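Observations on chain architecture
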Amino acid sequence: MKSDVEELMPRLLPVEFGAAAEDLDLNGPPRNPREYLRQVQLEASLCPEVVVAQIDPKKLKKKQTINASVAGCHAAPEGFSPSLSWQQHQVSNFSHVRQSITKNRDHWSSNILDDDVKMPELTDEEGWKRFCLGKTVYAGASSGQTEAEPEPLLDYSKVGYPPFLTIVSRLNQSTVLMVLEVLICWFDEHKFVPQLGRWLYALLACLEKPLLPDAHSSIRQLARGCAQLRSTLESQEDEKLPALNLLICLVARYFEQSDLADQPE
């Protein structure tokens, strides 16, 4: 029996079949071109006309719309922006770091992690904040406290796990981008801390080019946040200044967001 589609649409390759076509075995290989075309027709007739995808809403990301802002950065106060030669040197060093990670990824990812290193699940955003920044910074941000008592012994669960190569080499691109977005969003709402700077640098070093649209938007957001914070610094001796300049430089110069770049004074 002909389907409605066959009735309404002309056949591109009209082929007539006899009664023997009813006994055609779909599981066997076609013996000639006519049998092949008949197999295609029969398989198409068995497909439902309407298919509904079963989507789990929990697996959908919270941010479905990507807004790639073209807004520029806050201009650096006089004397706070780096020279062009400094920027070029940092880009060169960063490129070498990326090449080293790519070259040795398999070696580092095969190393066994210490028993106390428990990496969060991909969807555990709060877990990644605690893992990267440490419980002390995470709890301080949640409670409004900014200072913590010094720990007598180094406890990575409290001060944050550094982005060791054995850790970052295990992250695939979806995880790299997810953690990067989580930390950038955290930066928008809290202060800049050394743990954050180290992880942002490491994740940028693992971010593959060409950039996906959401990665493009995230790193631009990062550069603008760094420039905004830099514009509030009161001294060129502030310990945050080199890190902020470096992140702006990498986004603008290495990832080719040139409208965000610091221009030579």
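Residues numbered from 1 in each chain as written. Predicted model: local features only at pLDDT ≥ 70, side-chain atom pairs only at ≥ 80, totals over all residues. Heavy atoms only, no water.

**Overview of the overall build of the chain**
Quick reminder of the rule: Secondary structure is summarised from DSSP: a helix means a run of H or I of at least four residues, a strand means a run of E of at least two, and numbering begins at the N terminus for each. In what follows, a contact means two residues having at least one pair of non-hydrogen atoms within 4.5 Å. Here the open area of atoms and residues is found with the Shrake-Rupley method and a 1.4 Å probe, where only the protein chains shown may cover a residue.
Along the chain, the regular secondary structure elements total 11 helices and 0 strands. In sequence order, the secondary structure elements of the chain are arranged as α-α-α-α-α-α-α-α-α-α-α. Pairs at least 24 residues apart make up 72% of the contacts formed inside the chain by residues separated by at least 6 positions. Of the roughly 17200 Å² of accessible surface on the chain, a fraction of 54% belongs to carbon and sulfur atoms.

**Examining the packing of aromatic side chains**
To be explicit about the condition: Pairing of aromatic rings covers Phe, Tyr and the six-membered ring of Trp, with a centre-to-centre limit of 6.5 Å; geometry is then stacked below 30 degrees between planes, edge-to-face above 60, and tilted otherwise. Think of it in three bands: with a 1.4 Å probe and only protein chains considered, a residue is buried below 20% of the maximum accessible area for its type, exposed above 50%, and partly exposed in between.
Following the criterion strictly, the structure yields 10 aromatic pairs and no others. A centroid spacing of 6.2 Å and a plane angle of 65 degrees characterise the contact between Phe131 and Trp199, whose relative ring orientation is edge-to-face. Linking Phe131 in helix α4 (residues 125–133) with Trp199 in helix α9 (residues 194–206), this pair joins segments that are 68 residues apart in sequence. In this structure Phe131 comes out as buried when scored by relative accessible area, which is 4%.

**Overview of the packing of α4 against α9**
We count it as follows: Lines are fitted to the C-alpha atoms to define the axes, a helix being fitted only along its stretch in contact, and any angle between axes, read from their N-to-C directions, falls within 0 to 180 degrees. Angles are sorted into four bins: roughly parallel if under 35 degrees, roughly antiparallel if over 145, roughly perpendicular if 65 to 115, and oblique for all others. Here the term charged refers only to Asp, Glu, Lys and Arg, the term nonpolar to Ala, Val, Leu, Ile, Met, Phe, Trp, Tyr, Cys and Pro, and the term polar to all other amino acids, Gly among them.
With their axes 9 Å apart at the nearest point, α4 and α9 run at an angle of 105 degrees to one another. As far as their axial angle goes, α9 and α4 are roughly perpendicular. Facing Phe131, Cys132 and Leu133 of α4, the residues of α9 in contact are Gln195, Leu196 and Trp199. Class assignment of the residues belonging to the contact of α4 with α9 gives a composition of 5 nonpolar, 1 polar and no charged.

**Considering the confidence of the model for the chain**
The line we're drawing: For every residue, the predictor states its confidence as a pLDDT score lying anywhere from 0 to 100.
Here the chain shows a mean pLDDT of 82. Residues at 70 or above account for 79%. Segment residues 143–151 is flagged for pLDDT under 50; beyond a separation of four residues in sequence, or across chains, it makes 4 contacts in the model.

**Here's the deal with helix α8 (residues 173–189)**
Our working rule: Here the expected span of a helix is defined as 1.5 Å times the quantity of residues minus one.
With 17 residues, α8 extends 25 Å from end C-alpha to end C-alpha; this agrees with the ideal 24 Å at 1.5 Å per step. The set of residues buried in α8 consists of Thr175, Val176, Leu177, Met178, Val179, Leu180, Val182, Leu183, Ile184, Trp186 and Phe187.

**Quick notes on the nonpolar core**
How we decide: Take the buried residues of types Ala, Val, Leu, Ile, Met, Phe, Trp, Tyr and Cys, join any two whose side-chain atoms come within 4.5 Å, and each joined set is a nonpolar core.
With 57 residues, the main nonpolar core has Leu183, Leu196 and Leu204 as its most contacted residues. Residue assignment for this core shows that the elements contributing at least two residues are α3 (84–109), α4, α7 (165–168), α8, α9, α10 (213–230) and α11 (241–254). Setting aside anything within four residues of it in sequence, one finds Leu204 in contact with Phe94, Arg98, Leu180, Ile219, Leu222, Leu247 and Phe255.

**Notes on the packing of α8 against α10**
Helix-helix packing is described using two parameters, namely the angle between the two axes and the distance between the axes. Counted only if it meets this: By convention, the crossing between two helices is left-handed when the near helix turns anticlockwise from the far helix through less than a right angle, and right-handed when the turn is clockwise.
It is the contact of α8 with α10, at a shortest axis distance of 10 Å, that shows an interaxial angle of 30 degrees. What the angle tells us is that α8 and α10 run roughly parallel. Considering only the axes of α8 and α10, their crossing is left-handed. Each of Leu177, Leu180, Glu181, Ile184, Phe187 and Asp188 in α8 lies in contact with α10, whose residues at this interface are Asp214, Ala215, Ser218, Ile219, Gln221, Leu222, Gly225, Cys226 and Leu229. Along the lines of polarity and charge, the residues of the contact of α8 with α10 split into 9 nonpolar, 3 polar and 3 charged.

**Let's talk about the side chain of Gln257**
Heads up, the rule is: Pairs of N or O atoms within 3.5 Å make up the polar contacts considered here, provided that, within protein, one atom can donate a hydrogen while the other can accept it, and that residues adjacent in sequence are counted only when both atoms are side-chain atoms.
Relative to the helices and strands, Gln257 is located in the segment after α11. In terms of polar contacts, Gln257 uses its side chain to reach the side chain of His216, at 3.0 Å. Discounting residues that sit within four places of it in the chain, Gln257 has contacts with Leu211, His216, Ile219, Arg220, Val251 and Ala252.

**As for the pattern of salt bridges**
Side-chain pairs of opposite charge can arise whenever the charged atoms involved come near each other. What counts, and what does not: In what follows, salt bridge is the name for a side-chain nitrogen of Lys or Arg lying within 4 Å of a carboxyl oxygen of Asp or Glu.
Under the definition given, this model contains 5 salt bridges. Here Glu35 makes a salt bridge to Arg31, at a shortest N to O gap of 2.5 Å. The residue Glu126 makes a salt bridge to Lys129 at a minimum N-O spacing of 3.2 Å. Taken together, the positions of Glu126 and Lys129, both in helix α4 and 3 residues apart, correspond to about one turn of that helix.

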